[in-house]
Each structure stands twice: as structure tokens, then as C-alpha cells.
Amino acid sequence: MSDSTFKQRLLGLQGNLLNFAYQLTTNREAAQDLVQDTTLKVLDNESKYVDNVNFKGWVFTIMRNIFINNYRRQVRSATVVDTTEDLYHLNLSQESGLETPEGSFGAREISDAINAFSDEYKVPFSMYIAGYKYSEIAEKMSLPLGTVKSRIFFARKRLQGMLKDYR
């Protein structure tokens, strides 16, 4: 593919790239930055493109990879590492909310609300809260996976409705 054809195809994708970037970032400025980074990366790697490969797919894959790498970089930079002697910060007591009267009342109220559900909603929801996966709950209860997911969804919605004034 000639240099001018390559650049024309890339310019023709700018609108699609901006839409995809906006879906990834949900921020107009961040999306424009992502399109710019992608365009530069594509132009830098023009020699690596093979003619029989889907051009649009190749460019969108580059954009997705740039987004993922940037996201991972942000997560790593936000991670706090305790370098104090004897891990002082890690040994500080963590506030669970149950130590205060308000926190224990909230936990009791939530527990009572869950216990008010019928068993068809209470059991899968309680198992989900306990850490079971949807597939494990479905297997233990001998129910289809979709049924388990919908019951947990409806239990969550009902719980939100019951506790809406609590916030």
C-alpha cells in the first residue's frame, strides 16, 4: 500500500476512531487525546502493516491496546505502597463501620431486609453476597443460570428500594 493511500485510509477512520474512543473513555477530551495517540502510533508503525490484514481492525486494536495500557498505568500509579518501617500504615485499624451504633444499625437493617425476602430470592442473593459465582449458585439450587441472575438482580433492586431512605 502506498504512503498516501495509507494516510487517506487513516484519515477516513478518524470519525469512527473518535466514536470508539468516546465509548472507551466517556470523556470528550480524553477521547480526542486517545485518537491522537492512536493516529501517531499507527503512523509510526506503518511499516508493520501487512496489506492483506483488515486495516480498520488493525487500527482499532491499536487504540484499544493504548487505552488498556493507559488504564493500567493509572491504576498502578494510584496504588499505595506502604514503605514505612514495620508497615505502620497497614497495621492501623481499618474502620469497618460496625464499631459505631450507626454502622451496626445499618448492618442489622440490611440483614433484616434480606431476611424479609422469600426463599426464592433470599437464598441466591445470600449465596451471591457470600461470594459464590452465578454458575455455582445455579448448580447448587438446580436452576438455570439466567433464573439465578434475574433473581439476584430483582433482589438487589428490591433491597435498594427498601433502603432508599437510609442513605
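Please refer to the structure higher up on the page.
This text gives an overview of the structure that appears in the document. (Residues numbered from 1 in each chain as written. Predicted model: local features only at pLDDT ≥ 70, side-chain atom pairs only at ≥ 80, totals over all residues. Heavy atoms only, no water.)

Looking at the overall build of the chain
The helix and strand inventory of the chain stands at eight helices and zero strands. N-terminal to C-terminal, the α/β element order of the chain is α-α-α-α-α-α-α-α. In the chain, which comprises 167 residues, the share counted as buried stands at 22%. Across the chain, every contact between residues at least 6 apart in sequence was considered, and the portion connecting residues at least 24 apart equals 56%. For the chain, the exposed surface amounts to about 12100 Å²; the carbon and sulfur share of it is 52%. (Helix = DSSP H or I, 4+ residues; strand = E, 2+ residues; numbered from the N terminus. Buried < 20%, exposed > 50% of the residue type's maximum accessible area, 1.4 Å probe, protein only. Contact = heavy atoms within 4.5 Å. Areas by Shrake-Rupley, 256 points an atom, 1.4 Å probe, with all protein chains shown as cover.)

Digging into the packing of aromatic side chains
Applying the stated criterion to the full structure yields 10 aromatic pairs. Aromatic side chains F153 and F154 sit 5.4 Å apart centroid to centroid with 70° between the ring planes, which places their arrangement in the edge-to-face category. Of the residues examined, F153 reaches a relative accessible area of 41% and is grouped as partly exposed. One aromatic cluster is present, formed by F6, Y49, F55 and W58 through successive ring pairs. Across the ring face of Y22, the terminal group of R28 is positioned such that the distance to the ring centre comes to 5.0 Å. (Phe/Tyr/Trp six-rings, centres within 6.5 Å; stacked < 30°, edge-to-face > 60°. Lys NZ or Arg CZ within 6 Å of the ring centre and 35° of its normal.)

Quick word on the packing of helix α6 (residues 119-129) against helix α7 (residues 134-141)
Between α6 and α7, the least distance of the axes is 10 Å, while the angle of their chain directions is 140°. With respect to their mutual orientation, α6 and α7 come out oblique. Considering only the axes of α6 and α7, their crossing is right-handed. Here α6 contributes V123, P124, M127 and Y128 to the contact with α7, which in turn contributes Y134, I137, K140 and M141. (Axes fitted to C-alpha atoms, helices over the stretch in contact; angles between N-to-C directions. Parallel < 35°, antiparallel > 145°, perpendicular 65-115°, else oblique. Left-handed = near helix turned anticlockwise from the far one by under 90°.)

A few points about the nonpolar core
One finds L17, V42, F55, W58 and V59 to be the most contacted residues of the largest nonpolar core, which totals 17 residues. Where this core is concerned, the elements lending two or more residues are α1 (3-12), α2 (14-25), α3 (28-44) and α4 (55-78). The leading source of residues in this core is α4, at seven residues. For F55, the contacting residues outside a window of four places in its chain are F6, R9, L10, L13 and Y49. Among the nonpolar cores identified, the runner-up in size contains 12 residues, and F117, M127, V148 and I152 belong to it. (Core = buried A, V, L, I, M, F, W, Y, C linked by side-chain atoms within 4.5 Å.)

Some points on α3
For α3, spanning 17 residues, the distance from its first C-alpha to its last is 24 Å, which sits close to the expected 24 Å at 1.5 Å a residue. Residues of α3 that are buried include every one of A31, L34, V35, T38, T39 and V42, and no others. Taken around the axis of α3, the buried residues stretch over an arc of 135°, which confines them to a single face. Facing away from the buried side of α3 by more than 90 degrees, the exposed set consists of E29 and D44. In the core, the buried residues of α3 are packed alongside α1, α2 and α4. At the N-terminal end of α3, a side-chain oxygen is found 3.0 Å from the backbone nitrogen of E29, two or three residues along, and the residue is N27. (Expected span 1.5 Å × (residues − 1). Arc of directions from axis to C-beta. Polar contact = N/O pair within 3.5 Å; in protein donor to acceptor, adjacent residues only side chain to side chain.)

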